[in-house]
Structure formats: C-alpha cells, structure tokens
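So the chains spell out like this:
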Amino acid sequence: MPRAGLTADRLVAAAADLADEVGFDGVTVSALARRFGVKDASLYSHVRGLKDLRIRLALLAGGEMIDRIAAAVAGRAGKDALAAFADAYREYALTHPGRYAATQIPVDQELVADAPALRRTAEITYGMLRAYGLEEPDLTDAVRLLRSTFHGYCALEAGGGFGAPRDVRRSWDKAIDALHIALTHWPRET
C-alpha cells in the first residue's frame, strides 16, 4: 500500500533537488527514502526502481530546461534567438548541475516519442535553426554541433576547466558568434 503523501511526482521533484545538492550519481532509491524518512521498499509503489527514477528525473529536468529556453527565444530569430537559446541553456546547466546531468542520460526512443518535453525540445531547437535555412540532414548535424558545443563548454566551466584569465562570459559570447557564422555559412548537403 502506498504511503500517504508520497507520489511519483513528489519523489521525482525531491530527486531533482537531491541531484542538485549531491550530484546526479548521488541520486539513489536509498538516499531518496532517507529524505522522506521511509524504507526503500516504500518508494517502489511509485517508481519501479533506480532506472525509472532517473529517467523520470531526466524528463522533468528536460521539461524545465526547455521551458526556460522557449521563454528566452520567444519572438526572436537568427543570431538573437541563438544567443538567447545558448544563454538559457548555460544558465540552467550551471544553476542546476544535477538536473542538467540528468538531461544527458540516454533515454529510450519509445519514451522520447511519448514525452511532450522532449518533443518540444526538438520543435524549439529545430525551429530556431530553420531561421538559418537548414533542412534535414543538415538540421540534425547542426543540432549535434550546438549540443556538443554547449555541453562541452558548460561541463568545462562547471568543473573549473577554464584557467586562463580571460573572462569566461566573453569567451562564451565569442563561441556564440562563431556558431552563428558557422550556421549562416553551413556546408549544405546536396
């Protein structure tokens, strides 16, 4: 019988907070159960196990992140939209490190099809890139370039990997300028 007050949504929200506090790898069923003062078994009425919990956390975080990105890019196009997208991405990654790490785990493609937040992520990202006149397969290639650039930069920044005295924000802005140039002059596949 489910414990009064515990729900899957409440557990996932607590797991997201825990991830930001101790890191995504620190999110376990036991750690979450301790947070609620219950035994591990009490959680299995709401989540099927650690993998299920982490996937739900990834979907929650992905939804939060794309909501922020969507608000940032609304009414913008071209370089302005790219910069707004990038800044919202970076801000989320740096202020919610555990949640952000959750967004990087592989999620089964069947779940992606059923997850509105992940579909919305694709719609907003591809919509922003269409302003550059890109179509498939170039859209997929451009998405991969942006994701790897944004993720790599944020991971290095969060880990203190930029030791040069140059302001990290100025380097970020230059990276966005360079991406805009690359997207504007994209080598189209024929």
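A quick note: this is a predicted structure, and the numbers were derived from the prediction, not measured.

1. Thoughts on the packing of aromatic side chains
Inspection of every chain in the model, using the stated rule, returns 6 aromatic pairs. Pairing Phe85 with Phe150 gives two aromatic rings, centres 6.1 Å apart and planes at 35 degrees, and the pair type is tilted. Of the two residues, Phe85 is situated in helix 4 (residues 78-95) and Phe150 in helix 8 (residues 138-158); the sequence distance between them amounts to 65 residues. The exposure class of Phe150 is buried, given its relative accessible area of 1%. An angle of 75 degrees between the planes, with centres 5.6 Å apart, marks the rings of Tyr89 and Tyr100 as edge-to-face. On the criterion of sequence distance, the pair formed by Tyr89 in helix 4 and Tyr100 in helix 5 (residues 97-102) is long-range, its members being 11 residues apart. Classification of Tyr89 as buried rests on a relative accessible area of 8%. Under the relative-accessibility criterion, Tyr100 is labelled buried at 6%. The cationic tip of Arg54 hangs over the ring face of Phe24; the distance from NZ or CZ to the ring centre is 5.0 Å. If you follow Arg90 out to its NZ or CZ, it ends over the ring of Trp172, 5.4 Å from the centre.

2. A word on unusual backbone geometry
In this chain, Glu136 is followed by Pro137 through a cis amide linkage whose omega measures 5 degrees. With respect to the element layout, Pro137 can be found in the loop between helix 7 (116-130) and helix 8.

3. Some points on the nonpolar core
By size, the foremost hydrophobic cluster in this structure holds 34 residues, and its most contacted members are Ile69, Leu82, Leu129, Phe150 and Leu183. When contributions to this core are tallied by element, the ones reaching two or more residues are helix 3 (50-73), helix 4, helix 7, helix 8 and helix 9 (168-184). Each residue touching Leu183, except ones within four places of it in the same chain, is listed here: Leu82, Leu129, Tyr132, Leu134, Ala142, Leu146 and Arg188. In this structure, Leu6, Leu32, Ala33 and Ala102 belong to the second largest nonpolar core, which totals 21 residues.

4. Thoughts on the environment of Thr140
Mapped onto the fold, Thr140 is located in helix 8. With 88 residues separating them along the chain, Thr140 and Asp52 place their C-alpha atoms 28 Å apart. Looking at Thr140, its side chain comes within polar contact range of the side chain of Glu136, at 2.8 Å.

5. Structural notes on the packing of helix 8 against helix 9
At their nearest, the axes of helix 8 and helix 9 sit 12 Å apart, and the two run at 170 degrees to each other. Relative to helix 9, helix 8 is oriented roughly antiparallel. Between helix 8 and helix 9, the contacting residues are Ala142, Leu145, Leu146, Thr149, Phe150, Tyr153 and Glu157 on the first element and Val168, Ser171, Trp172, Ile176, Leu179 and Leu183 on the second. In terms of residue class, the contact of helix 8 with helix 9 is made up of 10 nonpolar, 2 polar and 1 charged.

6. What about helix 4?
Residue pairs three or four apart in sequence face the same way in an α-helix, which turns once every 3.6 residues. Its 18 residues place the ends of helix 4 26 Å apart at the C-alpha level, agreeing with the 26 Å of an ideal helix rising 1.5 Å per residue. Along helix 4, the residues classified as buried are Gly78, Ala81, Leu82, Ala84, Phe85, Ala86, Ala88, Tyr89, Arg90, Tyr92 and Ala93. Lining the buried residues of helix 4 we find helix 3, helix 5, helix 7, helix 8 and helix 9.

Conventions used here
- Residues numbered from 1 in each chain as written.
- Predicted model: local features only at pLDDT ≥ 70, side-chain atom pairs only at ≥ 80, totals over all residues.
- Heavy atoms only, no water.
- Phe/Tyr/Trp six-rings, centres within 6.5 Å; stacked < 30°, edge-to-face > 60°.
- Helix = DSSP H or I, 4+ residues; strand = E, 2+ residues; numbered from the N terminus.
- Buried < 20%, exposed > 50% of the residue type's maximum accessible area, 1.4 Å probe, protein only.
- Lys NZ or Arg CZ within 6 Å of the ring centre and 35° of its normal.
- Core = buried A, V, L, I, M, F, W, Y, C linked by side-chain atoms within 4.5 Å.
- Contact = heavy atoms within 4.5 Å.
- Polar contact = N/O pair within 3.5 Å; in protein donor to acceptor, adjacent residues only side chain to side chain.
- Axes fitted to C-alpha atoms, helices over the stretch in contact; angles between N-to-C directions.
- Parallel < 35°, antiparallel > 145°, perpendicular 65-115°, else oblique.
- Nonpolar A, V, L, I, M, F, W, Y, C, P; charged D, E, K, R; others polar.
- Expected span 1.5 Å × (residues − 1).

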